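# Secondary and tertiary structure notes
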Amino acid sequence: MRKELLTLLLCCVYLPIAAQHNQILNKRFGEQVKYVDSVFAIEQSPYYLKKARNKYSSIYEFAQEHNDEQLKTYMSLLINTLELYESSRDDSARTGVLDTHQNRLLQQIGILEQQQNKYLYPTALMYYSSFLDFQGRYTHAFELKLKAYEIYAAYTLKEFPEKLLFLNSLGGSYYKFRDYYSSAETMKEVVAEKIYDNNYFTSVNTYALCYRNLNQWDTAEHYFNILYHEAIEYKRADWQLISKLNIAHTYYRSGRITKAHQYFTEAYEFAHKNGYNFGITESTARLAKIAFDSNYYAKAKRLAHEGLSAHNTNEWKFTYHSDAQRLYGVLAEVYEQEGNYRTAYLYLDSLLMVVDSTSANRLINLSTAIKAKSELLTDKYLREKENANIAEARRKRVLYTSIICIALIVVISILFFNRQYIRRKQLEAEKDAAETKLSASKQKLDSYTKNLQEKTRLIEQFSKEIEQYKNSANQEEKNSIVLRLQEATILTDEDWTDFRQMFEQVHAGYIYRLKEKLPDLTPGETRFMVLSKLRLSNKEMAGILGVGTSTVRKYKHQVRNKLGLPEDGDINEVTDMI
């Protein structure tokens, strides 16, 4: 009964439409594609194609009758694709029918390539690549998508309406192979067009996922929110749930656990309300982990069991079973916490099986992506190489020149950095030597100063002894004391020269700057200013210079006048500034 009703419905749709076929006779390819899509609501899915088989055939016969080769070829391509999907789903695949339909489609693709049909050839490549994806033959599918993209990339939507659909498919392949930059760039054009169909929602979601996987949290959250609000506007409950889950994952992965818990809870309730098992599985996987980390073990176990139950009945099977991994992991940890090690081991074993499968799949995906890109570039290179021996020789010369240049750059760089290294070592050695020399000179100057101070102390002691024997009648003893005092006299011209050299090593340029500031200083005043730099007392200066303290005070008075200082002015401040 159902079959008869379906046949009647198709006939009712077909009869009024048949008269409209003349609207697309000998029109541009873009107009013919839009007509077929709008009238028959055809999507590139085997379920929709199966319902439209009779419609394709009617348009094919109409195009053949009116000699529209482009339309006839386009409908033939759709029919061949449909038959390929149908033969892959039944027992006919075992009898060789699948190979027959596949060879027929491949033959048609070869003819379109020879004809250099700029619209139908990339379309045929994309239709066949979708079938290969359906079969899990991702490497070959990706190769065909890249070849097709080279052709249709420059077309406008008006002349090539399926461009957005094909870009979405190519971006999805990039994402599968974890090439998130290329995936985002591919999806960008689809997102910008804002044609609100299922293709658009898929593209926005993938676009946001790319940014999330690149750890650009704010951008990812922005596009997930756009997807959420547009899903509400167009009453797409499935995309409301998907966007809410992805916002929650974004919060979780960026460390905002409280916000993540809120959104996962909302997604969990929404999934229950609308009967989406995949949403229950995905939300409970994270909520169970959050509950376990917060030491709510009973809640974590309940959520994890509920998630696994929903996962086992879920028609939407995730490629890498990431939710199953999380659920098995939480249950293993919960049972271990309870001391039920046997059950914990069983769930841990299940987890390891899923992880091993996931790792293998990801490795295969990465290798297939690299292989597909490599093979495409090789094929393109070989085609461009035909009848181009001169270009090949030029390419080799450029290559060899580049290698030589790179080698020279490397050698020069090594020599440069080696020279810099040696120079740096030399400078460090010179610096160390200068610091050592400076330290030695400073020690020598300090020792010399201490020696002078010690001599001053001896002079004071001799003066006291002289004072004690001042009135002594023994002239011979007086002469002896005077002789000892004369022998203690210091800072001869030779001593001054040695002292000045040592002083200059510690206070470099001080005497030169002093001469510039006060060019009319006498030698005695100059020595006074030098000794003032060493913070010596008047008595110590007098002893060092072999003069009385009155002479030192005279020097100080003269220097104050030349500096324009008052009587209570501090000469030490002046010496610090020079």
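Just so it is clear, the model here is predicted, and its values are computed rather than measured.

Tallying secondary structure elements over the protein gives 26 helices and zero strands in all. Per-residue burial over the protein gives 39% buried out of 578 residues. Residue pairs at least 24 apart in sequence account for 59% of intrachain contacts in the protein once pairs closer than 6 positions are excluded.

A side chain of one charge can pair with a side chain of the opposite charge when the charged atoms of the two come close. All chains considered together, the criterion is met by 17 salt bridges. Residue K194 is joined to E230 by a salt bridge in which the shortest nitrogen-to-oxygen separation is 3.6 Å. Of this pair, K194 sits in the loop between α10 (180-193) and α11 (198-213) while E230 is found in helix α12 (residues 217-233), placing the two residues 36 residues apart along the sequence. The closest approach of N and O atoms between K425 and E428, which form a salt bridge, is 4.0 Å. Of this pair, K425 and E428 both sit in helix α19 (residues 389-468), three residues apart, which is roughly one turn of the helix. The exposure class of E428 is partly exposed, given its relative accessible area of 37%.

The contact between helix α9 (residues 163-176) and α10 brings their axes to 8 Å, and the two run at 155 degrees. One finds that α9 runs roughly antiparallel with respect to α10. The chirality of how α9 crosses α10 is left-handed. Every residue of α10 that contacts α9 at K163, L164, L167, N168, L170, G171, G172, Y174 and Y175 is listed here: Y180, S182, S183, T186, M187, E189, V190 and E193. Across the contact of α9 with α10, the residue classes tally to eight nonpolar, six polar and three charged.

Let us look at the packing of aromatic side chains. Under the counting rule described, the total for this entry stands at 28 aromatic pairs. Members of the aromatic cluster, each reached through a chain of ring pairs, are F29, Y74, Y119, Y127, Y149, Y152, Y155, F160 and F166. Looking at K176, its charged tip hangs above the ring of Y138, at a distance of 4.3 Å from the centre.

On to a nonpolar patch on the surface. A cluster of nonpolar side chains, namely L399, Y400 and I403, defines an oily patch on the protein surface of about 300 Å² accessible area. By relative accessible area, which is 47% here, I403 ends up partly exposed.

Looking now at the nonpolar core. Membership of the largest hydrophobic core comes to 55 residues, with the highest contact counts inside it found for L241, F264 and Y347. In contact with Y347, other than residues within four places in its own chain, are H305, L308, Y328, L331, A332 and Y335.

Taken N-terminus to C-terminus, the directions of helix α4 (residues 53-65) and helix α5 (residues 69-87) make an angle of 155 degrees; their axes are 8 Å apart at the nearest point. Classed by the angle they form, the pair α4 and α5 counts as roughly antiparallel. The hand of the α4/α5 crossing is left-handed. Along the contact surface, α4 presents R53, Y56, S57, I59, Y60, A63 and Q64, while α5 presents L71, K72, M75, S76, L78, I79, L82, E83 and E86. When its residues are assigned to classes, the contact of α4 with α5 shows nine nonpolar, three polar and four charged.

The backbone phi angle of N67 is positive, close to 60 degrees, even though this residue is not glycine. With respect to the helices and strands, N67 occurs in the loop between α4 and α5.

Turning next to helix α15 (residues 277-293). Between the first and last C-alpha of α15 there are 24 Å, a value that for 17 residues agrees with the 24 Å anticipated at 1.5 Å per step. Of all 17 residues that make up α15, 14 are buried, and the element is covered over most of its length. Where α15 ends, the next residue or the one after it, N295, has phi of about 70 degrees, a positive value.

What follows deals with α5. In this model, α5 (19 residues) spans 26 Å end to end at C-alpha, consistent with the 27 Å of a helix rising 1.5 Å per residue. Of all 19 residues in α5, 16 are buried; the element is thus mostly enclosed.

Time to look at the side chain of N246. Checked against the element boundaries, N246 lands in helix α13 (residues 237-253). Given the relative accessible area of 7%, N246 is considered buried. In contact with N246, other than residues within four places in its own chain, are N205, L209, R212 and F224.

With that settled, the discussion passes to the confidence of the model for the protein. Looking at the protein as a whole, its pLDDT mean stands at 79, while 79% of the residues score no less than 70. For the protein, helix α1 (residues 2-18) is the element with the lowest average pLDDT, namely 38, and α13 is the one with the highest, namely 95. Between residues 41-47, whose pLDDT stays under 50, and residues either more than four places distant or in other chains, the model counts 16 contacts. Across residues 315-320, where pLDDT falls below 50, the model places 15 contacts with residues more than four positions away in sequence or in other chains.

Attention shifts here to the environment of L167. Mapped onto the elements of the fold, L167 is located in helix α9. Along the chain, L167 and Y149 lie 18 residues apart, while their C-alpha atoms are 7.9 Å from each other. What L167 contacts, discounting residues up to four positions off in sequence, is Y149, Y152, T186, M187, E189 and V190.

Here we come to the side chain of R212. Here R212 is to be found in helix α11. Buried and unpaired, R212 has no salt bridge, with E282 as the nearest side chain of opposite charge at 6.3 Å. Discounting residues that sit within four places of it in the chain, R212 has contacts with W217, A220, F224, N246, H249, T250 and R253.

It is worth spelling out the environment of Y263 at this point. Within the secondary structure, Y263 sits in helix α14 (residues 257-274). A C-alpha to C-alpha distance of 8.7 Å links Y263 and H249, two positions 14 residues apart in sequence. Ignoring anything within four residues of it in the chain, the contact list for Y263 reads K244, I247, A248 and Y251.

The rules behind each value
The numbers attached to residues start from 1 for each chain and follow its sequence in the written order. Residues qualify for local features only when their pLDDT is at least 70, as the model is predicted, and side-chain atom pairs are given and counted only at 80 or more; totals for whole chains, interfaces and linings, by contrast, use all residues. Computation of side-chain values: all heavy atoms of the structure, hydrogens and water removed. Strands are runs of DSSP state E lasting at least two residues, helices are runs of H or I lasting at least four, and both sets are numbered from the N terminus onward. Remark: exposure states derive from per-residue accessible area (1.4 Å probe, protein chains only) relative to the maximum for the residue type, with buried under 20%, exposed over 50%, and partly exposed in between. Contacts are assigned to residue pairs that have any heavy atoms within 4.5 Å of one another. When a carboxyl oxygen of Asp or Glu lies within 4 Å of a side-chain nitrogen of Lys or Arg, that pair is called a salt bridge. The axes used here are C-alpha line fits, helices contributing only the stretch in contact, and every angle between their N-to-C directions lies in the interval 0 to 180 degrees. Here is the rule for angles: anything less than 35 degrees is roughly parallel, anything more than 145 is roughly antiparallel, 65 through 115 is roughly perpendicular, and the remaining ranges are oblique. The sense of a crossing depends on the near helix, which, turned anticlockwise from the far helix by less than a right angle, makes the crossing left-handed and, turned clockwise, makes it right-handed. Each residue gets one label: Ala, Val, Leu, Ile, Met, Phe, Trp, Tyr, Cys and Pro are nonpolar, Asp, Glu, Lys and Arg are charged, and the others, such as Gly, are polar. For Phe, Tyr and Trp, where Trp contributes only its six-membered ring, two rings pair if their centres lie within 6.5 Å, and the inter-plane angle classes them as stacked under 30 degrees, edge-to-face over 60, or tilted in between. For a lysine, the NZ atom is tested; for an arginine, the CZ atom; a charge sits over a ring if that atom is within 6 Å of the ring centre and within 35 degrees of the ring normal. Exposure above 30% relative accessible area and the absence of a salt bridge qualify a residue for a patch, where like charges join within 9 Å and nonpolar side chains (Val, Leu, Ile, Met, Phe, Trp, Tyr) within 5 Å. Areas reported here follow the Shrake-Rupley algorithm with a probe of radius 1.4 Å; residue values treat only the protein chains shown as occluding. Working definition of a nonpolar core: buried Ala, Val, Leu, Ile, Met, Phe, Trp, Tyr and Cys residues. They are joined through side-chain atoms within 4.5 Å. Multiplying 1.5 Å by the helix residue count minus one yields the expected span of that helix. For every residue, the predictor states its confidence as a pLDDT score lying anywhere from 0 to 100. Charge convention: Lys and Arg are scored as positive, Asp and Glu as negative, and His as well as the terminal groups of each chain are ignored.

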